[in-house]
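# Remarks on the overall topology
The primary structure of each chain is shown beneath.
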2 protein chains.
Amino acid sequence: MLKRKINQSAVSGDETPLFWPAKMKGGVLFVLDETLIPDKVSYIKVTTVDEAVKVIQNMKTRAFGQLLVVLNAFFLGMDRFNKVSDKQPLAELVKIANALNGSRPTFPFAEVTGMVLHWAQKAAAQDQDIKQTVTRNINGYLQGIRTRRMDRVNCIAKFVKKGDCVLTHCNVSGELALAALICKKEKKPVRFFATETRPYLQGAKLTCWELQKVGADVTLVADNAIGSLMADQIVNKVIVGSDRSCANGDFANKIGTYQIAVLAKEFKIPFYVLTQPSNRIKKGVDIPVEIREEGELLRFNGKKILPGKVRGFYPGFDIVPHKFVTKDIPINVN
Amino acid sequence: MLKRKINQSAVSGDETPLFWPAKMKGGVLFVLDETLIPDKVSYIKVTTVDEAVKVIQNMKTRAFGQLLVVLNAFFLGMDRFNKVSDKQPLAELVKIANALNGSRPTFPFAEVTGMVLHWAQKAAAQDQDIKQTVTRNINGYLQGIRTRRMDRVNCIAKFVKKGDCVLTHCNVSGELALAALICKKEKKPVRFFATETRPYLQGAKLTCWELQKVGADVTLVADNAIGSLMADQIVNKVIVGSDRSCANGDFANKIGTYQIAVLAKEFKIPFYVLTQPSNRIKKGVDIPVEIREEGELLRFNGKKILPGKVRGFYPGFDIVPHKFVTKDIPINVN
């Protein structure tokens, strides 16, 4: 019985690079360069808060990786305390938080950095060592997140049934791949369809890559093939991630998620969302949507798709109303 | 009054290459190589029926261009009559028709070739010269099509209102661009949004190119941005083409059309389709959908997107139920 339980569970040895894409080592933050996958697995060395902001802005990391970068950036910032501004750690932490908050608009960076500032303020009020407290709390928080993500991986694996054809969009940072690995170990046949996710092709480059790495059955489709897949009953479940959740259940996720949600409703296909519940923002319309630079759409692998001066419009995210969600799968699954 | 009428109308001098992408000249069929646009406007010289089948199969031409190639291929085939099989023109015409019918599954080639065979059979029954009759009828038919397409261009131009933001998908072979040109001449501001239309990028490469050439205001979006564009009320009309129509109004068009239709319904945005009405096929489910080779999806500009052996699934067309259509704009607009 115990043996079976272990077989069913994802353990940290199974972690794929995308499951935990940024790690501190020797005072340096190693951030997986997701734009180079699948050609190579390479890490960017980040040593300052400014560099951390840059890897986020350039989308070298995204989704869950951003949370890791934001939290670990405090370690990088605090490393400088002893050198320059030992006396005013609180003011320095606010500067770090502000820099990180401004990096990209759609993500709830301010919620994360606000939590860190709260710890620092509390430590200051209680006359504790701020750096020590913040370090301990961030590490504890990260450990908790890791455990809860692994719990969700196991939850997804139970949730997916024998013979399911699961459509996913963009990349959910390792959780689906680890769930697929569990299904594989249990000899439960599951098939995955991944959208390309233009223009960055996260679906093609990240999701297909990691699902293939764990030996899952994955097929790539263009972003415009969803209607066809659903009309022909080729997929029977949709699982997507979310970059930000609202109190009313609306959520932000990679552009393209909204139309998949509408189609799922039209074709009566259950639509599941991996969420990080939060009450800090009331409803979807309050989430600012990042409009990315048009050049990202008009180029492919660095080369312009079109000559001349055609304009492009590239909203980075969709805000999906909760009415389209069949079921949330929150990170705190237990 | 008359002057104003002339200004409002598209005339053949305005024709863009995509409006009439295949023409006979000196016994050779010149077919616009749509895969090279927008880098260059280049024509493939087609001299045999087999070569005509090949340009269709390789998608060097598509949509309306295919109709032109199929009809003109009879001229190429009949040119050989005097040389090899003068005695049995009817049997030879059937061979030509069969070769063309087999080129791609979704298009109603058999309807077109059947019409030609019918002319030939009638001529034979009436003891007329088959080659002469077929030649005269094909030329007359093409002339009629040209006039009716120009009529539809004028119809679209009237249909589009000042300030409209029109979403289109794939490429409707010149008609939208010519309508945009009329709007421009009338100083009626209209904005267009074109989807990329992966994997061939007809929207980016053909539609943006020809709309830009006529000086229209066009913006490219990824295929996954439609939900966002509609939710944010950025577009207020959808105009798409159709490759095949059914008696009940269902129609086949480039993959991606179905999901745009569903989204238009969800967001209450009128969805218009340029149709070629036909009663030969009863309803959408009876149309065979071409599944294209996965390599076309897994490559971009000839280069593999992904290393390894990820599978791709690329249905070439959507079959859209008529219930999603706000209004058909048939080719016989008068």
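Values in this document were obtained by computation on a predicted structure and should not be read as measured data.

### Some remarks on the relation of the copies chain A and chain B
- Of the transformation placing chain A onto chain B, the axial shift is 0.0 Å and the rotation is 180 degrees, giving an RMSD of 0.0 Å. Such a combination of turn and shift is consistent with a two-fold rotation axis. Across chain A, the smallest distance between a C-alpha and the rotation axis is recorded for A:Asp223, namely 3.0 Å.
- A shared binding surface is used by both copies, with 100% of the interface residues of chain A retained as interface residues in chain B.

### Section: the interface of chain A and chain B
- Contacts between the two partners involve 55 residues from chain A and, on the opposite side, 55 residues from chain B.
- The contact between chain A and chain B buries some 4200 Å² in all, and 60% of this surface belongs to carbon and sulfur atoms.
- Among the residues chain A hides against chain B, the three largest losses belong to A:Asn224, A:Gln259 and A:Arg311. Together they make up 16% of the total.
- One can count eight salt bridges joining chain A with chain B.
- In this structure, A:Lys265 engages B:Glu266 in a salt bridge whose closest nitrogen and oxygen atoms are separated by 3.0 Å.
- Each residue belonging to the side of chain A that touches chain B can be placed in one class, and the counts come to 29 nonpolar, twelve polar and 14 charged.

### Observations concerning the confidence of the model for chain A
All names here are of chain A.
- In this model, chain A carries a mean pLDDT of 92, and residues with pLDDT of at least 70 account for 93%.
- Note that pLDDT drops below 50 for residues 1-11; the model gives that stretch twelve contacts with residues more than four away or on any other chain.
- Interface confidence for the predicted complex, expressed as ipTM, amounts to 0.91; the pTM equals 0.92.

### Overview of the sheet that holds strand β16 (residues 317-320) of chain A
All names here are of chain A.
- Read from one edge of the open sheet, three strands run β8-β9-β16, paired in antiparallel fashion. Two strands in the sheet have a free side with no partner beyond their single neighbour: β8 (244-245) and β16.
- Bridge count for β8 against strand β9 (residues 251-254) is two bridges, and the pairing is antiparallel. Paired with arginine 244 across the bridge in β9 is alanine 252.
- Packed onto the sheet, helix α11 (residues 257-266) meets β9 and β16 and runs at close to 40 degrees relative to β16.

### Some details on the sheet that holds strand β7 (residues 237-240) of chain A
- Pairing is parallel across the open sheet formed by seven strands, whose spatial order is β17(A)-β10(A)-β7(A)-β4(A)-β5(A)-β6(A)-β14(B). Sheet topology places β17 (327-330) of chain A together with β14 (311-312) of chain B at the edges, where each strand pairs with a single neighbour.
- Most of the contacts of α11(A) go to strand β10 (residues 271-275) of chain A, to which it runs at about 145 degrees, and overall it touches β4 (165-168), β5 (191-195), β7 and β10 of chain A.

### Comments concerning the environment of A:Gln128
All names here are of chain A.
- Note on placement: glutamine 128 falls in the loop between α6 (109-125) and α7 (130-159).
- Among the residues examined, glutamine 128 registers a relative accessible area of 37% and is labelled partly exposed.
- Once residues within four sequence positions are removed from consideration, glutamine 128 is found in contact with Ala123 and Thr133.

### Describing the packing of helix α2 (residues 49-57) of chain B against helix α5 (residues 89-101) of chain B
Residue and element names in this part refer to chain B.
- Running from amino to carboxyl end, α2 crosses α5 at an angle of 15 degrees, the nearest separation of the two axes being 9 Å. One way to sum up the angle between α2 and α5 is to call them roughly parallel. Crossing geometry of α2 relative to α5 is assigned as right-handed. Of α5, the residues touching α2 (which contributes Val49, Ala52 and Val53) are Ile96, Ala99 and Leu100.
- Each residue belonging to the contact of α2 with α5 can be placed in one class, and the counts come to six nonpolar, no polar and no charged.

### Considering the side chain of B:Ser245
- The residue B:Ser245 is located in strand β8 (residues 244-245) in this model.
- In this view, B:Ser245 contacts B:Asp250, B:Phe251, B:Thr275, B:Gln276, B:Pro277, B:Ser278 and B:Ile281; residues no more than four positions away in its chain are not counted.

### Looking at the domain arrangement of chain A
Residue and element names in this part refer to chain A.
- You can read the domains of chain A as domain 1 (13-146) and domain 2 (153-330).
- Look at where the C-alpha atoms of domain 1 and domain 2 centre, and you get two points 26 Å apart.
- Every contact between the two is made by 23 residues of domain 1 and, on the other side, 29 residues of domain 2.
- Together domain 1 and domain 2 conceal approximately 2300 Å² of surface at their shared face, both sides included; 61% is due to carbon and sulfur atoms.
- One can count two salt bridges joining domain 1 with domain 2.
- Between glutamate 111 and arginine 244 there is a salt bridge, and its shortest N-O distance comes to 3.8 Å.

### Describing helix α5 (residues 89-101) of chain A
Residue and element names in this part refer to chain A.
- For α5, which comprises 13 residues, the first-to-last C-alpha distance of 18 Å matches the rise-based estimate of 18 Å (1.5 Å per residue) to within 8%.
- Regarding α5, the residues found buried are Pro89, Glu92, Leu93, Ile96, Ala97 and Leu100. Summarising the axial view, the buried residues of α5 lie within an arc of 140 degrees, below the 170-degree limit, and thus occupy one face. Projecting away from the buried face of α5 at angles above 90 degrees are the exposed residues Lys95 and Asn98.

### What to know about the side chain of B:Glu196
- Along the chain, B:Glu196 turns up in the loop between β5 (191-195) and α9 (202-213).
- Under the relative-accessibility criterion, B:Glu196 is labelled buried at 0%.
- For B:Glu196, the side chain forms a polar contact with the side chain of A:Arg198, separated by 2.4 Å.
- Ignoring anything within four residues of it in the chain, the contact list for B:Glu196 reads A:Arg198, A:Leu297, A:Ile305, B:Leu201, B:Gln202, B:Gly203, B:Ala204, B:Leu220, B:Val221, B:Ala222 and B:Asp223.

### Structural notes on the pattern of salt bridges
- All chains considered together, the criterion is met by 32 salt bridges over all chains.
- B:Glu290 is the salt-bridge partner of B:Arg104, the closest N and O atoms lying 2.7 Å from each other. Placement of B:Arg104 in the loop between α5 and α6 (109-125) and of B:Glu290 in the loop between β10 (271-275) and β11 (291-292) is noted, with a sequence separation of 186 residues between them. Residue B:Arg104 shares its accessibility class with B:Glu290, and that shared class is buried.
- Sharing partners across several salt bridges, the network here consists of A:Arg104, A:Glu290, A:Arg292 and A:Glu296.

Cut-offs and rules
Residues numbered from 1 in each chain as written. Chains lettered and ligands numbered in written order. Predicted model: local features only at pLDDT ≥ 70, side-chain atom pairs only at ≥ 80, totals over all residues. Heavy atoms only, no water. Least-squares fit on C-alpha atoms with pLDDT ≥ 70 in both. Contact = heavy atoms within 4.5 Å. Buried area = accessible area lost by both parts, 1.4 Å probe. Salt bridge = Lys/Arg side-chain N within 4 Å of Asp/Glu carboxyl O. Nonpolar A, V, L, I, M, F, W, Y, C, P; charged D, E, K, R; others polar. pLDDT = per-residue confidence, 0-100. Pairing = 2+ DSSP bridges. Helix = DSSP H or I, 4+ residues; strand = E, 2+ residues; numbered from the N terminus. Axes fitted to C-alpha atoms, helices over the stretch in contact; angles between N-to-C directions. Buried < 20%, exposed > 50% of the residue type's maximum accessible area, 1.4 Å probe, protein only. Parallel < 35°, antiparallel > 145°, perpendicular 65-115°, else oblique. Left-handed = near helix turned anticlockwise from the far one by under 90°. Domains from an automatic or database assignment. Expected span 1.5 Å × (residues − 1). Arc of directions from axis to C-beta. Polar contact = N/O pair within 3.5 Å; in protein donor to acceptor, adjacent residues only side chain to side chain.

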